[in-house]
Amino acid sequence: MQHFPIFLNVSGQRIIVAGGGDAAQAKLRLLMKTEAEIRVYAPDAAAEIHRWAADGQLTLINRPVAATDLPGAALFYGATEDAAEDARGAALARAAGVLVNIVDNLRDSDFITPAIVDRDPVVVAIGTEGAAPVLARAIKTDLEARLPVQLGLLAKIGKAFRHAADILPMGRKRRDFWADYYFTDGPAALETDRVDTALSTLLDRHVMAAAKTGHVALVGAGPGDPDLLTLKARRALDTADVVIHDRLVAPEILELARREAVLIDAGKEGFGTSTAQDDINDMMVAHAVQGHQVVRLKAGDPTVFGRLDEEIDALDAAGIAWSIVPGITAASAAVAQIGQSLTSRGRNSSVRYITGHDTKGFAEHDWRALATPGAVAAIYMGKRTARFIQGRLLMHGADPMTPVTVIENASRPNSRVIATTLSQLEPTLTRAALGGPAITFYGLAPRDAVALAPAHPIKEALL
């Protein structure tokens, strides 16, 4: 993020615009919505700017900006549409310690003016750092249609009532009051023109309401792509007071949690440093007992190798309410990425989901069944156990040329696909030096590799 978004208090502050043509008018239409004192310096200003000056919306000075005009100003806009004159004004402004924006000159500007959706006092700013103005306008158009015009009025009334709402304790109880006001009671009251009465009644109801009990949502974060997060999972993150997350949960998904939420890393790593399961259970219970809404956020789907039963047992023992929000498991995302299906008529009518290791170390399975022709398995946590799995399958008669595909960081931008055979699973993985989470498909090759198979037998390849 090159430009940090802030909202600058310009009430009573002086903003200077140098220029009187189309570029200046475009900026002035936006600036005149503020409570700033606006001064325009232009020897030959457009008629529209003269009208605004006559109406008292700004002060027009019919000359170029000078050094003595700038001290004490909050912002300077260079909008003369003359590069040399804008550069002169910008130099004077910077010498006076004033932030500079030169219209259509991102490189030489200290700040940029975003596209704005105005529901005063609710203001949405949209910036693309100059990379895609067309996209910013499209987003603005979409938000304009989504946000009702009366939202601004609701916000103004709510702002005036905020001191009364301070009687509610900080945190969930106060948030629940404002959520009811903005999304249910407030809009309904606007239709009857009795918002003040509705606010007082709503406040009384929330003051008298018993504190909500804690709850734990066991949520699947999906394989990593935020677009694969379910709507129900996003709603859980929106309301969470505490998020206890796995090591493999993508940072982009953690960004979707409320800014005020407490984020706790409870990562586990096979054969490495881990947070003990009992400690995770204790954390969930401790926060829920305090009345918090807790999200236990797990990569993929919590019902697949997520030790879900142990966590539910701990919550039940403590009398804590819980719910499960399933997610897209890594196998589903990874097999889609290589253009394959986990099952196929004539090839396999079943698929095995197995783990490379468990709490006791290397995991044993029905290797003889897996070694039969056409068998397909999705192997979780199989990076460090690849040689063990390879040996077990070969020992039980598996075809050494059985295709094996490993997908690292499935669904993410930095994903890698490694296609090989059972006989070459190791040393292929050692050479690949995988750093991210990976899932291994035994018995499946990427669709494009299968298409090439008659002319080019599958060999280990980093795709």
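Described in the following lines is the structure provided in the data block.

The rules behind these values
Residues numbered from 1 in each chain as written. Predicted model: local features only at pLDDT ≥ 70, side-chain atom pairs only at ≥ 80, totals over all residues. Heavy atoms only, no water. Patch = residues over 30% accessible without salt bridge, like charges linked within 9 Å, V, L, I, M, F, W, Y side chains within 5 Å. Areas by Shrake-Rupley, 256 points an atom, 1.4 Å probe, with all protein chains shown as cover. Salt bridge = Lys/Arg side-chain N within 4 Å of Asp/Glu carboxyl O. Helix = DSSP H or I, 4+ residues; strand = E, 2+ residues; numbered from the N terminus. Buried < 20%, exposed > 50% of the residue type's maximum accessible area, 1.4 Å probe, protein only. Contact = heavy atoms within 4.5 Å. Phe/Tyr/Trp six-rings, centres within 6.5 Å; stacked < 30°, edge-to-face > 60°. Lys NZ or Arg CZ within 6 Å of the ring centre and 35° of its normal. Axes fitted to C-alpha atoms, helices over the stretch in contact; angles between N-to-C directions. Left-handed = near helix turned anticlockwise from the far one by under 90°. Nonpolar A, V, L, I, M, F, W, Y, C, P; charged D, E, K, R; others polar. 1 Å grid on protein atoms, 1.4 Å probe; cavity = no way out; pocket = protein on both sides within 12 Å on 5 of 7 lines; lining within 4 Å. Points joined across faces, edges and corners; volume = space filled by probe spheres on them. Pairing = 2+ DSSP bridges. Right-handed = clockwise from strand over helix to strand, strands pointing away.

**Topic: a nonpolar patch on the surface**
A surface patch of nonpolar side chains, amounting to about 540 Å² of accessible area, comprises Met 1, Phe 4, Ile 6 and Leu 8. Relative to the helices and strands, Phe 4 is located in the segment before β1 (14–18).

**Here's the deal with the environment of Ala 333**
Along the polypeptide, Ala 333 turns up in helix α12 (residues 330–337). Ala 333 gets classed as buried once you look at its relative accessible area, which sits at 11%. The sequence separation of Ala 333 and Asp 225 amounts to 108 residues, and the corresponding C-alpha distance is 9.3 Å. What Ala 333 contacts, discounting residues up to four positions off in sequence, is Pro 223, Leu 228, Ile 328 and Ser 411.

**What to know about the packing of aromatic side chains**
By the definition in use, this model includes ten aromatic pairs. Grouping aromatic residues by their ring pairs yields a cluster made of Phe 161, Phe 177, Trp 178, Tyr 181 and Tyr 182. In this structure, Arg 162 packs its charged tip against the face of Trp 178, placed 4.8 Å from the ring centre.

**Thoughts on the packing of helix α1 (residues 22–31) against helix α2 (residues 47–54)**
Between α1 and α2, whose axes approach to 10 Å, the crossing angle comes to 35°. Where α1 crosses over α2, the two elements pack in a sense that is left-handed. Contacts between α1 and α2 involve Ala 24, Gln 25, Leu 28 and Arg 29 from the first element and Glu 48, Ile 49 and Trp 52 from the second. Partitioning the contact of α1 with α2 into residue classes produces four nonpolar, one polar and two charged.

**As for the pattern of salt bridges**
Applying the stated rule across the entire model yields 26 salt bridges. Note that Glu 311 is salt-bridged to Lys 298, the shortest N-O span being 3.0 Å. With Glu 311 in helix α11 (residues 308–318) and Lys 298 in strand β11 (residues 293–298), the pair connects residues that are 13 residues apart, well separated along the chain. On the accessibility criterion, Glu 311 (0% relative accessible area) is buried. Here Glu 426 ties to Arg 387 by a salt bridge, and the two come within 3.8 Å at their closest N and O atoms. One end of the pair, Glu 426, is in helix α15 (residues 425–432); the other, Arg 387, is in helix α14 (residues 386–395), with 39 residues separating them in the sequence. When its relative accessible area of 53% is taken as the criterion, Arg 387 is described as exposed. The network of salt bridges with common partners includes Arg 172, Arg 175, Asp 176, Asp 241, Arg 258 and Glu 260.

**What about empty space enclosed by the protein?**
Rolled over the atoms, a probe with the dimensions of a water molecule shows which regions are left empty. Under the defined criterion, the tally for this structure stands at one cavity of 30 Å³ or more. Within this model, the largest cavity holds a volume of roughly 30 Å³. Around the largest cavity, the lining residues are Ile 379, Ile 389, Leu 393, Val 404, Leu 422, Leu 425, Thr 440 and Tyr 442. Going through the elements one at a time, α14 and β19 (438–442) are the ones with two or more residues in the lining of the largest cavity.

**Some remarks on the pairing of strand β18 (residues 416–421)**
Judged by how many residues are buried, β18 sits mostly within the fold: five of six residues are covered. Strand direction decides the pairing type here: strand β17 (residues 403–408) and β18, joined by six bridges, are antiparallel. Its bridge partner being in β18, Thr 405 is matched across the sheet by Ala 419.

**Quick word on the pairing of β1**
Taken across its five residues, β1 has five buried, putting it largely inside the fold. Of the two faces of β1, the one carrying Arg 14, Ile 16 and Ala 18 and the one carrying Ile 15 and Val 17 are both buried. With five bridges connecting them, β1 and strand β2 (residues 37–41) associate as parallel partners. Note on β2: the bridge partner recorded for Ala 18 is Tyr 41. On the question of chirality, the crossover connecting β1 to the parallel β2 by way of α1 is right-handed.

**What to know about the sheet that holds β11**
With respect to topology, five strands assemble into an open sheet ordered β10-β9-β11-β8-β12, the strand pairing being parallel. Either end of the sheet is taken by a strand with one partner, and the two such strands are β10 (262–265) and β12 (321–325). The average angle at which neighbouring strand axes cross in this sheet is 20°, direction not considered. Bridge analysis of strand β9 (residues 242–245) against β10 gives four bridges, and the strand direction is parallel. When the sheet's bridge partners are listed, Val 243 is paired in β10 with Leu 263.

**Regarding the sheet that holds β2**
Pairing in this open sheet of five strands is parallel, and the strands run β3-β2-β1-β4-β5 from one edge to the other. The open sheet has two edge strands, β3 (59–61) and β5 (99–102), and neither has a second partner. The sheet shows a mean angle of 20° between the axes of neighbouring strands, taken without regard to direction. In terms of strand pairing, β1 meets strand β4 (residues 75–78) through four bridges, oriented parallel. Bridge pairing in β4 places Ala 18 opposite Gly 78. Contacts from α1 reach β1, β2, β4 and β5 within the one sheet, and its direction differs from that of β1 by about 165°.

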